[in-house]
Amino acid sequence: MKKKIIITVICLVSVVAVLCAGFGIYVGDYYHAEPGAVEAFSTSEKITQRVIEDGVIAFEPNNPTAGLIFYPGGKVEYTAYIPLMKECASRGVLCVLVEMPFNLAVFDVNAAEGIKENYPETENWYVGGHSLGGSMAASYLGENEADFSGLVLLGSYSTVDFSAGDVEVLSVFGSNDKVLNREKYEENKVNLPADFTEEVIDGGCHAYFGMYGEQKGDGKATITNNEQIEKTAEIIKKFIKNETEV
């Protein structure tokens, strides 16, 4: 009997060890931000960049029109989205970029919790993200709908139903995006308000919302990384401006 127990324990420990090793390999293989490209990216307007807390970076313009809390894409280093946050901030949108455990937003869906309290003077807030980050931001919003004005989805879709609520939704994707599951994207449109805003960036791809290089399975962009980021920031600015002026 003791021998059987020992064998069972050894088998269980071995299975756990294999699973942990597999998980470690999976999360260890992620897209890194391109430091040179991120550092070289500059905006036309001066903004303040500061760390609110470990893994939470704010990009503060003077007199922001609204705030945006941003969830990074799955298996993408969060600093890859600094250029996009800078561009949005230079257009008057206070942006807060959050890091995710293991670079996967599923492990911290509530990452936006408490961030708004750092900026009591900013009334209108949005939450959003890229790819998996966008879907997880939607999940968070589903539980906190009364606290936000809207949702920003980049190469993403929502499985949470906002069709009957007051949440404003912006959905942006590149025309050459081959990572976004278009079938699921179309299926989940029913979860968005009938008047949601959809923008397609001509020549854009999935990866170019951030600066982390090419993504496996993605289409070939016919515009530059900088161009897609600038176009995206302009779309977000116009969306937020239209909603805050209503």
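Residues numbered from 1 in each chain as written. Predicted model: local features only at pLDDT ≥ 70, side-chain atom pairs only at ≥ 80, totals over all residues. Heavy atoms only, no water.

Focus on the environment of Gly 217
- Mapped onto the fold, Gly 217 is located in the loop between strand S8 (197–201) and helix H6 (225–244).
- The exposure class assigned to Gly 217 is exposed, which follows from its relative accessible area of 53%.
- Filtering out sequence-adjacent residues up to four positions away, Gly 217 remains in contact with Lys 178 and Val 179. (Helix = DSSP H or I, 4+ residues; strand = E, 2+ residues; numbered from the N terminus. Buried < 20%, exposed > 50% of the residue type's maximum accessible area, 1.4 Å probe, protein only. Contact = heavy atoms within 4.5 Å.)

What to know about the environment of Cys 88
- By the element assignment, Cys 88 lies in helix H3 (residues 82–90).
- Taking the C-alpha atoms as reference, Cys 88 lies 4.9 Å from Ala 233; in sequence the two are 145 residues apart.
- When neighbours within four sequence positions are excluded, Cys 88 is seen to be in contact with Val 93, Cys 95, Ala 233 and Ile 236.

Topic: the confidence of the model for the protein
- Averaged over every residue, the pLDDT of the protein is 89; residues scoring 70 or more account for 86%.
- This stretch, residues 14–21, has a pLDDT under 50; its non-local contacts, to residues over four places away or in other chains, come to 0 contacts. (pLDDT = per-residue confidence, 0-100.)

Some remarks on the sheet that holds strand S1 (residues 48–53)
- Pairing is mixed across the open sheet formed by 8 strands, whose spatial order is S1-S2-S4-S3-S5-S6-S7-S8. Edge positions in the sheet fall to S1 and S8, since each has one partner strand and no second. In this sheet, neighbouring strand axes are inclined to one another by 20 degrees on average, regardless of whether the strands run parallel or antiparallel.
- Direction of pairing for strand S3 (residues 66–71) relative to strand S4 (residues 93–98): parallel, over a ladder of 5 bridges. Along S4, the bridge assignment pairs Gly 67 with Leu 94.
- The sheet contacts of H3 involve S1, strand S2 (56–60), S3, S4 and strand S6 (150–154), and relative to S4 the element is tilted by about 160 degrees.
- Of the strands in this sheet, S3, strand S5 (125–130) and S6 are in contact with helix H4 (residues 132–143), which crosses S5 at around 145 degrees. (Pairing = 2+ DSSP bridges. Axes fitted to C-alpha atoms, helices over the stretch in contact; angles between N-to-C directions.)

Quick word on the pairing of S6
- Among the 5 residues of S6, 5 are classified as buried, and the element is accordingly described as predominantly covered.
- Side-chain alternation along S6 places Gly 150, Val 152 and Leu 154 on one buried face and Leu 151 and Leu 153 on a second face that is also buried.
- Pairing analysis gives 5 bridges linking S5 to S6, with the strands arranged parallel. In the strand pairing of S6, Gly 128 is matched with Val 152.
- Note on the crossover from S5 through H4 to S6: the handedness is right-handed.
- The sheet contact formed by S6 and strand S7 (residues 168–174) spans 5 bridges and is parallel. Looking across to S7, one finds that Leu 151 is bridged to Val 169. (Right-handed = clockwise from strand over helix to strand, strands pointing away.)

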